[in-house]
Amino acid sequence: MAIMGTIAPILTAGWMGANGDDGWRLADYVARGGYAMLRQILENRRPPEEIIAEVKTSVLRGRGGAGFPTGLKWSFMPRALSGDKYVVCNTDEGEPGTFKDRDITRCNPHAIIEGMAIAAYAMGANRGYNYIHGEIWEIYKRFEEALDEARQAGFIGQNILGSGFSFELFAHHGYGAYVCGEETALLESIEGKKGQPRFKPPFPASFGLFGRPTTINNTETLASIPFILKMGGEAYLNAGKPNNGGSKVFSVSGHVNRPGNYEIPMGTPFTQLLELAGGVRGGRKLKAVIPGGSSSPVLPADRIMECTLDYDSISKAGSMFGSGALIVMDETTCMVKALERLSWFYHEESCGQCTPCREGTGWLYQVVHRIENGEGRPDDLETLAHVAGNIGGRTICALGDAAAMPVQSFIQHFRDEFLYHIEHKTCLVPKDVQWAGSDFHRFGN
Amino acid sequence: MMFSAETLRKFNREVAKYPAGRERSAVMACLALAQEEQGWLSPEAIEAVANYLGIAPIAAYEVASFYNMYDLKPLGKYKLTLCTNLPCALSGANHAAAYLKEKLGIALGETTADGRFTLVEGECMGACGDAPVMLINNRHLCARMVPEEIDRVLEECA
Ligand SMILES: Cc1cc2nc3c(=O)[nH]c(=O)nc-3n(C[C@H](O)[C@H](O)[C@H](O)COP(=O)(O)O)c2cc1C
Ligand code: FES
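Residues numbered from 1 in each chain as written. Chains lettered and ligands numbered in written order. Predicted model: local features only at pLDDT ≥ 70, side-chain atom pairs only at ≥ 80, totals over all residues. Heavy atoms only, no water.

**Student:** Help me get a handle on the overall build of chain B, residues and values and all.
**Tutor:** Each helix and strand counted, chain B has seven helices and four strands in total. In chain B, the order of α-helices and β-strands from amino to carboxyl end is α-α-α-α-β-α-α-β-β-β-α. When the backbone C-alpha atoms are referred to their principal axes, chain B occupies close to 50 × 35 × 25 Å. Of the roughly 6,400 Å² of accessible surface on chain B, 52% is carried by carbon and sulfur atoms. Across chain B, the mean location of the 15 positive side-chain charges is 5 Å away from that of the 20 negative side-chain charges. (Helix = DSSP H or I, 4+ residues; strand = E, 2+ residues; numbered from the N terminus. Areas by Shrake-Rupley, 256 points an atom, 1.4 Å probe, with all protein chains shown as cover. Lys, Arg positive; Asp, Glu negative; His and termini not counted. Charge placed at Lys NZ, Arg CZ, Asp CG, Glu CD.)

What follows is the structure in structure tokens.
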């Protein structure tokens with residue numbers, strides 16, 4: 001799928017062809033001005049502090065979900081320390097609803113490579129890995145091809161463009177584990193182990209990959225770097241809104257007429273994105289939206305319709321900006337069934353290390369499952385609140401919170417629907433309406 | 001157990017991605033390549049990968065059993081992994097599951113009597129805009145699995 005629509009695009013500008021990926025090769029990227037920024041930085045020996053300051057000015061916030069300011073994160077790296085230091089790109093995109101990094105890698109892999117090389121230069125890193133989600137093998141192969149091109153052209157490797165700066169970059173292919181998107185699990189995975197998150201502190205900037213200083217950033221974050229430096233931090237910030245710099249690639253899935261990726265400025269009203277995405281499928285009524293990937297709290301229609309798409313507005317509405325992945329649900333959706341599927345996911349994907357998450361996610365699933373199947377008990381909502389409350393904040397990584405938040409928010413906003421289920425032993429939305437509402441979606445209809 | 005020269009060449013290429021002394025990092029890739037060559041990961045294959053990398057067999061087994069895409073049991077010639085997570089489900093994944101079950105005459109988790117197809121449920125593949133999506137043999141991701149597309153894709157699986 002190509003990018004389906006844009007407003008004032010930065011990252012996706014110039015993507016070519018019906019599938020958006022006709023211009024993924026090195027020659028095309030260079031023709032679009034690619035690698036000029038890396039070349040300029042190396043030729044002018046631009047001071048690394050200056051690059052980090054520019055990224056800070058842009059107020060680029062990490063696109064992987066947590067929204068941590070990228071420039072600040074980069075400043076934590078001990079640049080002067082000798083020995084190996086790493087930049088790691090997180091393309092493990094497994095957060096349900098999120099599919100932007102796949103398209104960025106497919107359509108513009110060299111922007112990631114250039115962004116990583118600049119990041120490495122700014123942080124004094126000499127090696128890097130791009131960790132790519134297991135299920136997108138074809139994209140992984142493409143990234144490897146792009147790496148070969150970049151290596152041959154001298155944009156990565158030893159003594160890049162004769163500058164004396166060296167940066168070795170490789171791709172690491174995941175093999176099916178959502179938790180490896182969590183940055184320390186990802187590092188364990190590159191080390192050839194089970195993907196079990198590490199305690200923090202120590203943070204990766206002091207003890208990361210192979211125990212060396214490491215910075216992990218999301219694909220979209222890193223791919224944005226060349227463009228930010230080209231237009232200047234100030235201009236990038238102004239392209240969005242204060243405290244929410246730049247543009248963002250939003251993944252829109254579920255009950256819309258035109259699901260897909262859309263790049264629009266931060267702070268664009270949700271209603272405008274919904275319109276770009278062709279509106280609610282079949283002209284039906286919007287019921288709810290999960291605004292930031294499946295781990296973010298669900299928002300009922302009236303709340304999301306008031307939101308602009310930026311960190312501040314979404315969190316004020318009671319949810320999280322997350323990865324910028326909007327899962328749209330219309331009036332044919334049974335909220336209990338939707339939550340049941342998500343709860344199964346977190347239960348399946350818990351790494352099993354922390355008892356509250358390993359056991360708790362199982363409990364959450366079992367209870368939602370029995371409500372959905374007409375076996376709910378009067379005190380089940382209390383049980384769910386209790387179990388969810390005992391996971392959140394009590395685990396090594398945020399997967400536990402990610403499992404708890406959907407449960408808490410679904411019950412908060414759709415309590416009557418859960419109660420109806422428990423009392424009447426069936427869905428509020430008739431089964432045949434649900435089934436028809438989520439039928440095969442054919443584009444162009 | 002011996003792997004083909006081609007597979008060993010690919011093993012070497014993977015090991016070279018990591019610093020000296022960090023051969024263990026290549027275990028995920030080597031297990032995937034071993035599985036690609038042999039169709040599944042037998043205990044012997046896992047041990048052979050471990051020996052090749054100079055790590056304890058249990059360390060390789062731990063990895064093979066942790067990640068979802070390794071197959072520790074033999075399965076059909078074509079493994080069909082259908083994503084049924086919420087975004088796909090909102091765009092027909094459950095309909096696709098019903099269609100596949102009917103067409104192949106098997107339930108989720110089963111293999112057809114002729115040993116050609118195994119049908120399993122998967123989690124989000126990071127391709128929800130193309131829903132419903134299905135992955136064939138861990139390698140080929142198929143978009144928009146409406147009935148005609150499912151028919152076409154299965155026909156290509158000779
Ligand atoms: C369970 C879990 C899954 C995650 N999955 C991803 C992911 O697929 N991609 C990603 O970039 N970040 C993911 N993250 C966030 C990363 O831990 C990390 O914050 C991010 O990669 C940092 O990059 P950024 O600062 O550029 O956003 C996940 C976090 C958790 C707790
Ligand atoms: S939910 Fe199926 S690919 Fe994301």
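**Student:** Quick rundown of the sheet that holds strand 10 (residues 325-330) of chain A? Include the residues and the values.
**Tutor:** Strand order across the open sheet formed by six strands is 1-7-6-10-8-9 (chain A), with mixed pairing between neighbours. Every interior strand has two partners, whereas the edge strands, strand 1 (3-6) and strand 9 (299-300) of chain A, have only one. (Pairing = 2+ DSSP bridges.)

**Student:** If you had to explain the interface of chain B and chain A to someone new, which residues and values would you point to?
**Tutor:** Interfaces are often sized by the amount of accessible area the parts lose when they come together. Taken together, the contacts link 53 residues of chain B with 66 residues of chain A. A buried area of about 4,900 Å², summed over both sides, lies between chain B and chain A, and 57% of it is on carbon and sulfur atoms. For the interface between chain B and chain A, the tally reads six salt bridges. The partner of Lys194(A) in a salt bridge is Glu62(B), with the nearest N and O atoms 3.8 Å apart. Joining chain B to chain A, the criterion identifies 29 residue pairs in polar contact (both at pLDDT 80 or more). Listing elements by their share of the side of chain B that touches chain A, those giving two or more residues are helix 1 (5-15), helix 2 (27-38), helix 4 (57-66), helix 5 (86-89), helix 6 (93-104), strand 2 (117-122), strand 4 (140-142) and helix 7 (147-156) of chain B. (Contact = heavy atoms within 4.5 Å. Buried area = accessible area lost by both parts, 1.4 Å probe. Salt bridge = Lys/Arg side-chain N within 4 Å of Asp/Glu carboxyl O. Polar contact = N/O pair within 3.5 Å; in protein donor to acceptor, adjacent residues only side chain to side chain.)

**Student:** For the domain arrangement of chain B, give the residues involved together with the corresponding values.
**Tutor:** In terms of domains, chain B is made up of domain 1 (5-66) and domain 2 (78-156). On a C-alpha basis, the centroid separation for the pair domain 1 of chain B and domain 2 of chain B is 28 Å. (Domains from an automatic or database assignment.)

**Student:** Could you give an account of the sheet that holds strand 3 (residues 127-132) of chain A, with specific residues and numbers?
**Tutor:** Residues and elements named next belong to chain A. Read from one edge of the open sheet, four strands run 4-3-2-5, paired in parallel fashion. Looking at which strands have only one partner, the edges of the open sheet turn out to be strand 4 (168-173) and strand 5 (214-218). This sheet shows a mean twist of 20° between the axes of neighbouring strands, independent of strand direction. Summarising the sheet, strand 2 (residues 86-91) and strand 5 pair through five bridges and their orientation is parallel. The partner of Tyr 86 across the bridge, within strand 5, is Thr 214. Here helix 7 (residues 137-152) sits on the sheet and contacts strand 3 and strand 4; the angle it forms with strand 4, its principal contact strand, is near 170°. (Axes fitted to C-alpha atoms, helices over the stretch in contact; angles between N-to-C directions.)

**Student:** How would you sum up the packing of aromatic side chains? Please name residues and give values.
**Tutor:** All told, the structure shown has 20 aromatic pairs over all chains when counted by the stated rule. Pairwise contacts between aromatic rings join Tyr86(A), Tyr129(A), Phe170(A), Phe210(A) and Tyr18(B) into one cluster. Note that Arg61(A) overlies the ring of Tyr311(A), its terminal NZ or CZ placed 3.9 Å from the centroid. (Phe/Tyr/Trp six-rings, centres within 6.5 Å; stacked < 30°, edge-to-face > 60°. Lys NZ or Arg CZ within 6 Å of the ring centre and 35° of its normal.)

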